[in-house]
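Listed below are the residues making up each chain.
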Amino acid sequence: LPGIARILRYLAWAAVQQFMICVIVTERIERITASSRTALLGAALIFALLHTPNAMLMQLTFVAGLIWIWNWQRHRALLANIVAHAACGLLLATSLPRDWLHSAEVSARFFLPGGP
């Protein structure tokens, strides 16, 4: 099981991610397109792409993103999203075989020149 320091660190990171994808990205897409459905799909796709290059995590985060962004759009329940994100992330990282996740280190930096 992860230690309390790891749990708190991941909870903080989940809070940053949820704030950015729900409050900033989703709201911006919705303003630009005037469509909550387009915002939902677009933000979930962006969230998944930010978990590149791990294909399994990209798929999982697309589905999770759809659920969390929908929850944000309907209920503005950011705290619930943060807790769910942290719980899901920690559960996946500690329970799935390592070769399924191929490391949980992911980010858009894989697209930058020189990579990681």
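Residues numbered from 1 in each chain as written. Predicted model: local features only at pLDDT ≥ 70, side-chain atom pairs only at ≥ 80, totals over all residues. Heavy atoms only, no water.

S.K.: Can you walk me through the packing of helix α1 (residues 4–33) against helix α3 (residues 55–75) in this structure?
M.R.: Between two packed helices, the angle of one axis relative to the other and the distance separating the axes together describe the packing. Taken N-terminus to C-terminus, the directions of α1 and α3 make an angle of 70°; their axes are 10 Å apart at the nearest point. Between α1 and α3, the interaxial angle falls into the category roughly perpendicular. Along this stretch, α1 crosses α3, giving a crossing that reads as right-handed. Touching Gln18, Ile21, Cys22, Val23, Thr26, Glu27 and Glu30 of α1 are Trp68, Ile69, Trp72 and Gln73, all from α3. Partitioned by chemical class, the residues of the contact of α1 with α3 number 6 nonpolar, 3 polar and 2 charged. (Axes fitted to C-alpha atoms, helices over the stretch in contact; angles between N-to-C directions. Helix = DSSP H or I, 4+ residues; strand = E, 2+ residues; numbered from the N terminus. Parallel < 35°, antiparallel > 145°, perpendicular 65-115°, else oblique. Left-handed = near helix turned anticlockwise from the far one by under 90°. Contact = heavy atoms within 4.5 Å. Nonpolar A, V, L, I, M, F, W, Y, C, P; charged D, E, K, R; others polar.)

S.K.: Would you mind going over the packing of aromatic side chains with me for this structure?
M.R.: Any two aromatic rings considered together are summarised by their centre-to-centre distance and by the angle between their planes. Enumeration over the complete set of coordinates arrives at 1 aromatic pair. Both rings, one in Phe47 and one in Trp68, keep their centres 6.2 Å apart while their planes meet at 75°; by these two values the pair is edge-to-face. Of the two residues, Phe47 is situated in helix α2 (residues 36–49) and Trp68 in helix α3; the sequence distance between them amounts to 21 residues. (Phe/Tyr/Trp six-rings, centres within 6.5 Å; stacked < 30°, edge-to-face > 60°.)

S.K.: Teacher, can you tell me more about a nonpolar patch on the surface here?
M.R.: On the surface, Ile4, Ile7, Leu8, Leu11, Leu79 and Val83 cluster together into a nonpolar patch covering about 550 Å² of accessible area. Those elements that provide at least two residues to the nonpolar patch are α1 and α4 (78–95). It is α1 that provides the largest number of residues to the nonpolar patch, a total of 4 residues. By relative accessible area, which is 63% here, Leu79 ends up exposed. (Patch = residues over 30% accessible without salt bridge, like charges linked within 9 Å, V, L, I, M, F, W, Y side chains within 5 Å. Areas by Shrake-Rupley, 256 points an atom, 1.4 Å probe, with all protein chains shown as cover. Salt bridge = Lys/Arg side-chain N within 4 Å of Asp/Glu carboxyl O. Buried < 20%, exposed > 50% of the residue type's maximum accessible area, 1.4 Å probe, protein only.)

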